[in-house]
Amino acid sequence: MRTIVRRRLIAACAAVSIGVAAHTGAAQARSATVTVSADQPGARISRYIYGQFAEHLGRGVYEGIWVGEDSPIPNTRGFRNDVIEALRRLKVPVVRWPGGCFADEYHWKDGIGRREQRPVRINTHWGWVEETNAFGTHEFLDFVELIGADAYVAGNVGSGSPREMAEWVEYITGEGNSALAQLRRRNGREKPWRLPFFGVGNETWGCGGNMRPEYFADLYRQFATFIKAPEGNRPVKVASGANGDDYRWTEVMLSQAARYMDAYSVHYYTLPGRWEAKGPATGFAEDQWASTLSHALFMDELVAKHSAIMDKYDPEKRIGLYVDEWGTWYDPTPGHNPAFLYQQNTIRDALVAALTFNILHRHAERVRMANIAQMVNVLQAMILTDGEKMLLTPTYHVFEMYIPFQDATFLPVQIEAPRYTYGDWNLPGVDASAARSPDGGLYLALVNLDPNRPVTVSARINGVSARGAEGRVLTASAIDSHNTFDAPDTVRPRPFRGVRRGDALQFELPARSVAVVAVRE
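What counts and what doesn't
- Residues numbered from 1 in each chain as written.
- Predicted model: local features only at pLDDT ≥ 70, side-chain atom pairs only at ≥ 80, totals over all residues.
- Heavy atoms only, no water.
- Core = buried A, V, L, I, M, F, W, Y, C linked by side-chain atoms within 4.5 Å.
- Buried < 20%, exposed > 50% of the residue type's maximum accessible area, 1.4 Å probe, protein only.
- Helix = DSSP H or I, 4+ residues; strand = E, 2+ residues; numbered from the N terminus.
- Contact = heavy atoms within 4.5 Å.
- Pairing = 2+ DSSP bridges.
- Axes fitted to C-alpha atoms, helices over the stretch in contact; angles between N-to-C directions.
- Disulfide = S-S within 2.5 Å.
- Right-handed = clockwise from strand over helix to strand, strands pointing away.

Visitor: What is the right way to read the nonpolar core from this model?
Guide: Note that soluble globular proteins tend to have their nonpolar side chains buried in a common cluster. Residues Val95, Phe140, Phe143, Met253, Tyr264 and Tyr402 are the most contacted members of the largest nonpolar core, which totals 121 residues. With eleven residues, helix 7 (residues 286–313) is the single largest residue contributor to this core. Apart from the residues within four sequence positions on either side, Phe140 is in contact with Val95, Trp97, Phe135, Ala151, Tyr152 and Val153. With 29 residues, the next largest nonpolar core counts Ala432, Ala434, Leu442 and Val519 among its residues.

Visitor: Can you walk me through the sheet that holds strand 12 (residues 320–328) in this structure?
Guide: In any sheet, the strands associate via hydrogen bonds between backbone groups, in a parallel or an antiparallel arrangement. Pairing within the open sheet is parallel, and its eight strands lie in the order 2-5-8-9-10-11-12-13. Pairing within the sheet leaves two strands with one partner each, and these edge strands are strand 2 (52–53) and strand 13 (367–372). Looking at chain direction, strand 5 (residues 94–97) and strand 8 (residues 150–155) are connected through four bridges and run parallel. In the strand pairing of strand 8, Arg96 is matched with Tyr152.

Visitor: Before we go on, may I ask you to explain the environment of Gly463 in this structure?
Guide: For Gly463, the position within the fold is in the loop between strand 22 (455–462) and strand 23 (468–474). Sequence spacing of Gly463 and Gln288 is 175 residues, and the spatial spacing of their C-alpha atoms is 40 Å.

Visitor: Would you mind going over the sheet that holds strand 17 (residues 413–416) with me for this structure?
Guide: The mixed open sheet is built from ten strands, whose spatial order is 16-20-21-26-23-24-25-22-1-17. The two strands at the open ends of the sheet, each matched to only one other strand, are strand 16 (409–411) and strand 17. Within the sheet, the average angular offset between the axes of one strand and its neighbour, ignoring direction, is 25 degrees. Here three bridges tie strand 16 to strand 20 (residues 430–436), and the two strands are oriented antiparallel to one another. Bridge assignment links Phe410 to a residue of strand 20, and that residue is Ala435. The strands touched by helix 9 (residues 394–401) are strand 23 and strand 26 (513–520); relative to strand 23, the strand with the most contacts, the crossing angle is about 160 degrees.

Visitor: Got a minute to help me understand the state of the cysteines in this structure?
Guide: What makes a disulfide is a covalent bond joining the sulfur atoms belonging to two cysteines. Scanning the model with the defined rule gives one disulfide in all. The disulfide bridge from Cys101 ends at Cys207, spanning 2.2 Å between sulfur atoms. Between Cys101 and Cys207, the S-S torsion sits near -90 degrees, and that sign places the bridge as left-handed. Here Cys101 is found in the loop between strand 5 and strand 6 (121–123), whereas its partner Cys207 is found in the loop between strand 9 (197–200) and helix 5 (213–225), with 106 residues between them in sequence.

Visitor: I'm lost on the environment of Leu293 in this one. Help?
Guide: With respect to the element layout, Leu293 can be found in helix 7. For the pair Leu293 and Ala353, spaced 60 residues apart in sequence, the C-alpha separation works out to 9.9 Å. Dropping the residues within four chain positions of it, Leu293 is found in contact with Arg348, Leu351, Val352, Leu355, Leu427 and Leu449.

Visitor: Would you mind showing me how to read the pairing of strand 10 (residues 236–243) here?
Guide: Most of strand 10 sits out of view: seven of its eight residues are buried. Bridge count between strand 9 and strand 10: four bridges; the pairing is parallel. If you follow Phe198 over to strand 10, its bridge partner there is Lys237. Traced from strand 9 through helix 5 to strand 10, the parallel crossover comes out right-handed. Relative to strand 11 (residues 263–270), strand 10 is paired through four bridges, and the arrangement is parallel. Bridging across to strand 11, Ala239 finds its partner in Tyr264. You can see the chain leave strand 10, run along helix 6 (residues 247–257) and come back into strand 11, and the turn it takes is right-handed.

The structure is reproduced here in structure tokens:
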């Protein structure tokens, strides 16, 4: 999971190349203009950009998703009901599992059969704790069916074999009377599961084997050759890709193995500082607000450069770019096991999520999946739990607000807005995205990066006679406002609207906010 993030002052600020103009002079009113070209539709924004990630790490799976049938926490076949219901409301399109670094020490046969007979292993990556294997293949695939999502299984290249990986795929998808299909039936599943996505390795440059790209390119070709499934249930083969801005890794992989892959992954984490001193999740000052958002904006440059390399070897854009690990990563939370990567989730994280979605929308021709790290109780989570208690984070609310963008058609946006500056940090003050949803509605997302000052946004929508707009806005009283188990609704969406002023819609966008509205035509 680890991504090395370099501090960037200039590149990240210029990352959003959408015509942002600076307003100078403290006396000038803070206003911005957003122009949506509704008459120039672009690529489809894949719903899989809103994917999730669940690794055997800390309390992400055990207690976060799985409590067991005998738990006093209300559950369905061992899955906690409150988490299931919350995820259903998000319309989660896909979940990646079992890792992450854990994937390359996971041997799938440990997690099938009667739970009381499954071997106990040690999770050497995340805290050296016992892994009971109570949550295995059947449980994961049951879970994604319960929440209405697709499965993305990450295979073990680092410590596994081509045969082990091939047999796992056959166990999941086998239709006939092979030994593995019959074993699955004896374990309680008569029909094969759907397996839409299968990852070949994870972070093979690091925890997945510390490989060179030249070596992994050959290894990927070998492993991918043996991933076979019945027609109609053949998974997308995802190649383990680059660590952040390691463009050489992408160059080698695409030049040597493009014809054998259907998708290529990149991992990128947003840090306020450097890897050795990331910064706290709460109680931070404005300089870390600015640095975090600036590093989040670097996603634009990152995706653009990896996409350009992919274009050289795949000009038809057959291969999807999957940012299948992204999100904020802070210093360990005091009072928690540091290896469990538990952190609070503030309005700052909500803005990181919204900015990331807006960037990925702009690259929808190439980016076809993204998976935030992670779903429950780990890093930038949707949900936090504490025994029987559960709360929804600000990031959860952004995912829910952005649902209309799933499988929507991208609409180009131009922005003229004041800059937000703090010390050496100089960022665009406003970001935006627009799309035509599958049901025909026109949606506009607005982000005010300035933590101190509201902005008046005038939105002109070419090709549409806009009469008004209604939706919701997410903001908070402080830059580190967050929800707690005692106050779970401190940060939650509230009604928001825009009114027609001449030929534009006008919005009063609060400081440190995200808004999504439906435009009335």
